[in-house]
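Below are the chains, spelled out letter by letter.
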Amino acid sequence: MKSEDKVLRVAVAAADELGLDGPVSAHFGRCPAYVVAEVRGEEVTGNEVVANPHFANHAPGQVPRFLADLRADVVLAGGMGPRAVHILQNHGIEVATGATGTIRDAIHSWIRGTRGITPCAGDHPDSCGHGHGHGHEGGKS
């Protein structure tokens, strides 16, 4: 749920360090960086590129805790395993998968609830974003 007054921190798995114009990474935990954007209403009001300190030594559970420490309210990624979804949700972070294109496009798709960005319930054994039958229910939860 968004409010025009509330600023949400949206972290997006990035394939490089180009910021908003760089591509979304298909690999949530194995991406070199995250773009953390501040979103107020339907506008991106600021952003920063944060290197993934676990990129070289990825171990399950580390990245969700790292993003929680960055105070992310929402995480967007191309795909994500169910354990990461569960850990993020336990930290009160909204998760949406199926993001593609540039970071900027993925954030705007999430804001508009556009087809392709799918909220994840985390209740299935497969990784999200890989064509296993997720329906789209109009965007965000």
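Residues numbered from 1 in each chain as written. Predicted model: local features only at pLDDT ≥ 70, side-chain atom pairs only at ≥ 80, totals over all residues. Heavy atoms only, no water.

A. Seen up close, the overall build of the protein chain. Helices and strands together make up the secondary structure of the protein chain, namely 3 helices and 6 strands. Helices and strands in the protein chain line up, N terminus first, as β-β-β-α-β-α-β-α-β. Out of the 141 residues in the protein chain, the part that is buried amounts to 44%. Considering only contacts in the protein chain between residues 6 or more positions apart, those separated by 24 or more positions represent 52%. A total of about 7,000 Å² of accessible surface is found on the protein chain, and carbon and sulfur atoms cover 47% of it. (Helix = DSSP H or I, 4+ residues; strand = E, 2+ residues; numbered from the N terminus. Buried < 20%, exposed > 50% of the residue type's maximum accessible area, 1.4 Å probe, protein only. Contact = heavy atoms within 4.5 Å. Areas by Shrake-Rupley, 256 points an atom, 1.4 Å probe, with all protein chains shown as cover.)

B. Main features of the packing of helix α1 (residues 62–69) against helix α2 (residues 82–90). Here α1 crosses α2 at 25°, and the two axes come no closer than 9 Å. Between α1 and α2, the angle is such that the two are roughly parallel. The interaxial crossing formed by α1 with α2 has right-handed handedness. Residues Pro64, Arg65 and Leu67 of α1 touch α2, and the partners they reach there are Ala84, Ile87 and Leu88. Considered class by class, the residues forming the contact of α1 with α2 number 5 nonpolar, no polar and 1 charged. (Axes fitted to C-alpha atoms, helices over the stretch in contact; angles between N-to-C directions. Parallel < 35°, antiparallel > 145°, perpendicular 65-115°, else oblique. Left-handed = near helix turned anticlockwise from the far one by under 90°. Nonpolar A, V, L, I, M, F, W, Y, C, P; charged D, E, K, R; others polar.)

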